[in-house]
Amino acid sequence: MKKIMGFTFLLFSITSWSQDELKQDTTSRPAITEIGKPIGNKMSREVGKEGESLMSPDGVVELIIPPGALTKKTNISIQTMTNTLPNGNGQAYRLEPSGIHFAQPVKIIFHYDPEESADSTQWLLAIAMQDDTGLWYGLQESVIDTVAKTVSGLIDHFSVWASFDHLKLRPVFGHYRLKVKQVEGIGIWGVDMSPTQQTIASHERVRPLRSWRPPQSVAWFVNLVKGGNAEYGTLEMADMDESDRRFNRYTAPDKVPGWNPVFIMAKLMGASFTFNGRTCRNPILALSLLIYDEAYEVSIYHSTDGGAGSVLGNVAFLDTGRFVISVNGDQSRILERTNKNTVSDLTYAGCKPKIKKTGWGTIHILEGETITITPATFFSPAKVEIQFIPAKIQLPLLEFTCPPIGKGKPYVLTNQLAKDFSEYSNTLPQNIRFDAIPGLHTLPGTIDRPGLYYKVTVRQLTDDE
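Cut-offs used in this document
- Residues numbered from 1 in each chain as written.
- Predicted model: local features only at pLDDT ≥ 70, side-chain atom pairs only at ≥ 80, totals over all residues.
- Heavy atoms only, no water.
- Pairing = 2+ DSSP bridges.
- Helix = DSSP H or I, 4+ residues; strand = E, 2+ residues; numbered from the N terminus.
- Axes fitted to C-alpha atoms, helices over the stretch in contact; angles between N-to-C directions.
- Phe/Tyr/Trp six-rings, centres within 6.5 Å; stacked < 30°, edge-to-face > 60°.
- Buried < 20%, exposed > 50% of the residue type's maximum accessible area, 1.4 Å probe, protein only.
- Lys NZ or Arg CZ within 6 Å of the ring centre and 35° of its normal.
- Core = buried A, V, L, I, M, F, W, Y, C linked by side-chain atoms within 4.5 Å.
- Contact = heavy atoms within 4.5 Å.

(A) Structural detail: the sheet that holds strand S7 (residues 101-111). Read from one edge to the other, the open sheet built from 5 strands follows the order S3-S4-S7-S11-S10, with strand pairing classed as antiparallel. Single-partner strands in this sheet number two, and they are strand S3 (52-55) and strand S10 (143-145). With strand direction ignored, the average angle separating the axes of adjacent strands in the sheet is 20 degrees. When S7 meets strand S11 (residues 150-157), the two strands line up antiparallel, connected through 7 bridges.

What follows is the structure, encoded as structure tokens:
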């Protein structure tokens with residue numbers, strides 16, 4: 001992950017910025033899509049004139065409603081939706097009541113996952129809204145915090161909101177993992193705010209979005225080698241349209257490369273792209289692709305509800321971890337690893353919750369593991385054993401502001417005691433063993449009972465990932 005982020009920073013650092021005006025693209029089209037579908041349950045809370053902070057159930061979207069924004073108590077809700085926004089990231093969110101306008105602007109914050117943003121320059125992240133006709137509007141001013149991993153802005157009304165990348169390099173057929181010798185199309189997609197359409201009274205902070213067509217002159221690289229090579233894989237212009245330089249065809253190497261995942265890089269020669277008042281010239285985009293031969297994805301799920309998660313008894317945590325291991329004798333190694341910790345439910349006797357400090361939770365997969373491969377025999381498949389470096393559990397620090405008792409003042413509770421107690425235990429996983437066989441398998445040791453769930457699955461990667 002550090003290599004990916006460092007490479008992304010390198011790409012941004014060599015991209016030049018100027019104050020040149022963006023020329024109008026006559027080939028662009030308005031960004032109009034269908035309305036997304038609801039996902040899961042709606043989160044609702046009554047907010048008064050004093051204002052409040054709200055968080056979506058998945059911890060991605062945060063609303064900060066300042067004092068005076070509302071003139072009366074209002075039921076505010078967040079509904080997760082499928083994201084149909086071009087170059088959209090993650091899910092979209094319907095904020096209700098739809099069409100409400102605030103006396104003071106509300107701050108919307110998208111917390112983005114650095115794993116999901118590693119393939120593009122984080123500085124090109126932005127926020128957009130969709131109206132009832134399906135047209136997307138980009139927020140004209142946004143703030144990107146690459147330390148806190150947030151993109152935020154001020155909004156005056158509710159609708160469907162989502163985050164997106166202004167420019168993105170992505171696989172045409174959606175394969176971010178390729179088996180050796182496999183072929184995948186690579187394409188460049190752009191979304192920009194219309195320079196000709198003006199804002200209207202009801203959408204003063206946003207401007208209609210449109211597709212953006214990159215120039216025909218594009219320089220392509222694989223692991224910094226122009227056009228690639230036999231070791232990292234090769235690039236050649238796609239047969240589909242030789243005049244359209246947005247697309248290229250990548251062929252994976254014959255064996256797993258030492259520099260893996262490989263980085264596909266596209267430099268848009270002569271292009272200019274306006275964002276947040278600045279114009280990017282000759283932007284460079286990057287995409288990482290995992291190359292594998294015999295590989296297995298291991299997924300770990302761990303959820304707690306009640307005393308194991310908080311002294312308050314009604315806080316549910318969901319921790320997930322995932323990694324891909326390439327099985328190749330002494331050359332076996334982990335190629336991908338992801339850790340996610342989510343507070344999935346924050347309820348306690350009417351108390352208003354707030355995450356004061358995040359933590360990595362109960363699952364945390366560190367680098368530096370020991371891998372042992374027992375070769376296959378006539379009677380049994382190869383066996384894989386992984387010993388992980390231990391770390392101490394770090395639960396998020398939660399703060400609950402509770403209604404006053406009688407005529408007293410509101411009081412505050414935290415899960416500090418449970419958080420401190422949890423740090424005496426090590427994170428999961430500590431050791432994983434499995435047989436290197438095809439298909440999806442659940443490993444022994446699954447726990448499924450009220451308040452506690454733990455499960456580890458292993459599946460062999462197929463030729464069509």
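(B) Seen up close, the packing of aromatic side chains. With the rule as written, the count across this model stands at 9 aromatic pairs. When the ring of Trp259 is compared with that of Phe263, the centres are 6.4 Å apart and the planes differ by 65 degrees; the resulting orientation is edge-to-face. Look at Phe421 and Tyr424: their rings are 6.3 Å apart centre to centre, the planes differ by 55 degrees, and that puts the pair in the tilted class. Here Tyr424 falls in the exposed class, since its relative accessible area comes to 70%. Directly above the aromatic system of Trp189 lies the positively charged group of Arg170, at a separation of 3.9 Å from the ring centroid.

(C) Here's a closer look at the pairing of S7. Where strand S4 (residues 61-65) and S7 come together, 4 bridges link them in antiparallel fashion. Across the sheet, the residue bridging to Glu62 is Ile109, located in S7.

(D) Inspection of the pairing of strand S31 (residues 383-387) at higher detail. Here S31 shows a clear split, with Val384 and Ile386 buried on one side and none of Lys383, Glu385 and Gln387 buried on the other. Bridge count between S31 and strand S34 (residues 431-435): 5 bridges; the pairing is antiparallel. Considered in S34, the bridge of Ile386 is made with Ile432.

(E) Representation of the environment of Pro86 in the model. Counting through the fold element by element, Pro86 comes out in the loop between strand S5 (74-81) and strand S6 (88-96). Under the relative-accessibility criterion, Pro86 is labelled partly exposed at 28%.

(F) The nonpolar core, seen in detail. Ranked by size, the top nonpolar core spans 30 residues in total, and within it Ile65, Leu95, Ile108, Phe110, Ile155, Phe158 and Trp161 carry the most contacts. The set of elements that each furnish at least two residues to this core consists of strand S2 (43-47), S4, S5, S6, S7, strand S8 (125-130), strand S9 (136-139) and S11. With 4 residues, S7 is the single largest residue contributor to this core. Once you skip the residues sitting within four places of it in the chain, Phe110 turns out to touch Val60, Val61, Tyr93, Ile127, Lys149, Thr150, Val151, Trp161, Ala162 and Ser163. If you look at the next biggest cluster of nonpolar residues, it comprises 24 residues, including Ala266, Leu285, Leu287 and Ile291.

Honestly, that's just the spatial picture; any functional story needs more than this.
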